[in-house]
Structure formats: C-alpha cells, structure tokens
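Survey of secondary and tertiary structure
Letter by letter, the chains look like this.
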Amino acid sequence: MQDIQNQKINDFFVSAFNNLLILEEAYLRKHCAADLSVREVHVLAAVNKLSAEQKNTMANIAKFLCVSPGSLTTAVNTLVSKGYLERSYTPRDRRVVFIHLSASGEEACVKHAEYHRQLVSAAADKLTDKEVDVLISALDKVCAFTVEKAERAE
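Residues numbered from 1 in each chain as written. Predicted model: local features only at pLDDT ≥ 70, side-chain atom pairs only at ≥ 80, totals over all residues. Heavy atoms only, no water.

**What to know about the nonpolar core**
Within the largest apolar cluster, 24 residues are counted, with the highest numbers of intra-cluster contacts made by Leu44, Leu85 and Ile99. Mapped onto this core, the elements with two or more residues apiece are α2 (38-52), α3 (58-65), α4 (69-81), β2 (97-101) and α5 (103-124). Tallying contributions element by element places α2 first for this core, with seven residues. The residues contacting Leu44, other than those within four sequence positions of it, are Leu36, Leu79, Tyr84, Leu85, Leu101, Gly105, Ala108 and Cys109. (Core = buried A, V, L, I, M, F, W, Y, C linked by side-chain atoms within 4.5 Å. Buried < 20%, exposed > 50% of the residue type's maximum accessible area, 1.4 Å probe, protein only. Helix = DSSP H or I, 4+ residues; strand = E, 2+ residues; numbered from the N terminus. Contact = heavy atoms within 4.5 Å.)

As structure tokens, this is what we get:
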C-alpha cells in the first residue's frame, strides 16, 4: 500500500470515528434522555442484546463490552441510579448478578436503534446497490481485522 493510501485510510478512520460520536451524542440529546452518554447507551444496548440470549450477567456484559468488571460495575451503578437498569440475583448463587433493562432503558434502546437505522439508511442512500455490496465486503474485512487485533490486546 502506498503512503497516500495509508494516509487516506487513517484520515477516514479518525474523521468517521469522531463524526459518528458527534452525531450519536447529538441524536441522544435530542431524541433520548439528555442524562445518557454514548457509552451508557452502549451499555444498555449490550444488556438488551445479551438479555435476548439470556446471557445478561455482569461477567458476560463486561466481556461483550471489553471492559473490566469494575468499570462495568461503576457504569451499572450509575444506570441503576438513573433508572435505566435493574439487578437481579439467582437464588442458587447470589454471586451471579443479572442485569435487566427497566422500561426507561428499553425506550432508550429503541431510540438508539432508530438512530442506527437512520444513519445506515442515509449513508446507503448515497450509494448504488453495487457500491453497498462492495462497502459491506470491505467493512467485513476491516471488522474481522479489528476483532482479531482486539482479542490479541486483551
């Protein structure tokens, strides 16, 4: 790969990452609760996803988000106090903590999912079907690369 190609890819990642965070934060302020950060909404989304698989324990959520159990505990404590999450324990082993969305948490997840639907739709509308297929193929490869690198970093 040429230096100019390296620079263009780097510029894309930096710009896209920063701009996507700005867009998501603005959407959350306008359409969701103003007291939620992007990071907190991503915790809610992880709980939502893992709840559907009945894997919504603290340990599984921390692993899914690639955060330490201590960091997740801090985030969950905050989201419980804000009324977005609830805890439950198994009768067999009180050390196993399940995290559930409250009604407010479910509503925030629905609005967050709508943001992502709108974002993808708006971006795809700028491309032909063939360009979308090429983009998906390229992003699949980039995603596989980032997953592999992230797993090695743990």
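**Focus: a nonpolar patch on the surface**
Judged by side-chain polarity, Met1, Ile9, Phe12, Phe13 and Val142 come together as a nonpolar surface patch covering roughly 500 Å² of accessible area. Tallying contributions element by element places helix α1 (residues 3-31) first for the nonpolar patch, with three residues. Following the sequence through the fold, Phe12 ends up in helix α1. (Patch = residues over 30% accessible without salt bridge, like charges linked within 9 Å, V, L, I, M, F, W, Y side chains within 5 Å. Areas by Shrake-Rupley, 256 points an atom, 1.4 Å probe, with all protein chains shown as cover. Salt bridge = Lys/Arg side-chain N within 4 Å of Asp/Glu carboxyl O.)

**Thoughts on the packing of aromatic side chains**
Within this structure, the stated rule accounts for two aromatic pairs. Note on Phe12 and Phe13: the rings are 5.6 Å apart at their centroids and 55° apart in plane angle, and the pair reads as tilted. Classification of Phe13 by relative accessible area gives partly exposed; the value is 41%. Residues Tyr27 and Tyr115 carry aromatic rings whose centres are separated by 5.1 Å and whose planes lie at 45° to one another, so their mutual orientation is tilted. Highlighted residues: Tyr27 in helix α1 and Tyr115 in helix α5, separated in sequence by 88 residues. Here the two residues Tyr27 and Tyr115 agree in accessibility, since each one is buried. (Phe/Tyr/Trp six-rings, centres within 6.5 Å; stacked < 30°, edge-to-face > 60°.)

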